[in-house]
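Survey of secondary and tertiary structure
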Amino acid sequence: MSLACAVALIVSACTASDTATPDNTVVASESAPVVSKPEPSAVASTSRAPAAEGGDCPDLEFAQAGDPEAVAGWKQQVPVDGGTREFANGTAILDDAGIPVEYTVAAGDVGAFIAERFCVNLSYLNAINGVRRNGATNLDPGDTLNLDAHTILSVGDEQCVVLQNRPPSPMPPQR
């Protein structure tokens, strides 16, 4: 692998499994169910409108020093469900305010496409999923991805197993 490719992978936080094109045996469904989560979660102070067609999502930003909502040094991102798409056909679970807080992986899903669907950066998605799973890189149908920075310690699994990896620092208050 050339140095330029290695740097590009590090900068984009992609791995070979993130960028590999899934085989053509997966058939994308037209829509996936959205499930409301019974207990409400606090809405972060930052919010945004859904991404425009073509992925007009904000860039990942560093948090200000002392920001209590920071995640591993990144400014917290509030997910917005842009709708199902090829390689991101799983089920979004919403809180009472309609904000996506969990995602159930469907067959053929790819981490980078899930991040795009929810208008969050893949690095951020990996940071909030790194404790209970190994980020959003190894995905199997039925896995749970966390989309809420306030539930890093309580949401997410990999093949029905909850891992005990080191939490990000800093990390916002947990529910």
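A brief structural summary. Here the structure is a predicted model, which means the values were calculated and not measured. (Residues numbered from 1 in each chain as written. Predicted model: local features only at pLDDT ≥ 70, side-chain atom pairs only at ≥ 80, totals over all residues. Heavy atoms only, no water.)

Observations concerning the packing of aromatic side chains
Across all of its chains, the model carries three aromatic pairs by this definition. Centroid distance Phe62 to Trp74: 4.7 Å. Interplanar angle 10°. Geometry classified as stacked. Of this pair, Phe62 sits in the loop between β1 (34-36) and β2 (91-94) while Trp74 sits in the loop between β1 and β2, placing them twelve residues apart in sequence. Overall, Trp74 belongs to the partly exposed group, its relative accessible area being 22%. With a centroid separation of 5.5 Å and 75° between ring planes, the pair formed by Tyr103 and Phe118 is classed as edge-to-face. With Tyr103 in strand β3 (residues 100-104) and Phe118 in the loop between α3 (111-117) and α4 (122-129), this pair connects stretches of sequence that are 15 residues apart. In this structure Phe118 comes out as buried when scored by relative accessible area, which is 0%. (Phe/Tyr/Trp six-rings, centres within 6.5 Å; stacked < 30°, edge-to-face > 60°. Helix = DSSP H or I, 4+ residues; strand = E, 2+ residues; numbered from the N terminus. Buried < 20%, exposed > 50% of the residue type's maximum accessible area, 1.4 Å probe, protein only.)

Overview of the pattern of salt bridges
In total, this model carries five salt bridges according to the counting rule given. Note that Arg117 is salt-bridged to Asp81, the shortest N-O span being 2.8 Å. Highlighted residues: Arg117 in helix α3 and Asp81 in the loop between β1 and β2, separated in sequence by 36 residues. Residue classification places Arg117 among the buried residues on the basis of a relative accessible area of 2%. Accessibility expressed as a relative area gives 24% for Asp81, which makes it partly exposed. Note that Arg133 is salt-bridged to Asp143, the shortest N-O span being 3.3 Å. Taken as a pair, Arg133 in the loop between α4 and β4 (144-146) and Asp143 in the loop between α4 and β4 lie far apart in primary sequence, ten residues in all. (Salt bridge = Lys/Arg side-chain N within 4 Å of Asp/Glu carboxyl O.)

Comments concerning the environment of Pro172
By secondary structure assignment, the location of Pro172 is in the segment after β4. The buried category is assigned to Pro172, whose relative accessible area is 1%. Separated by 101 residues in the primary sequence, Pro172 and Val71 place their C-alpha atoms 6.4 Å from one another. In contact with Pro172, not counting residues within four places along its chain, are Pro68, Glu69, Ala70, Val71, Gln76, Ala149, His150 and Ile152. (Contact = heavy atoms within 4.5 Å.)

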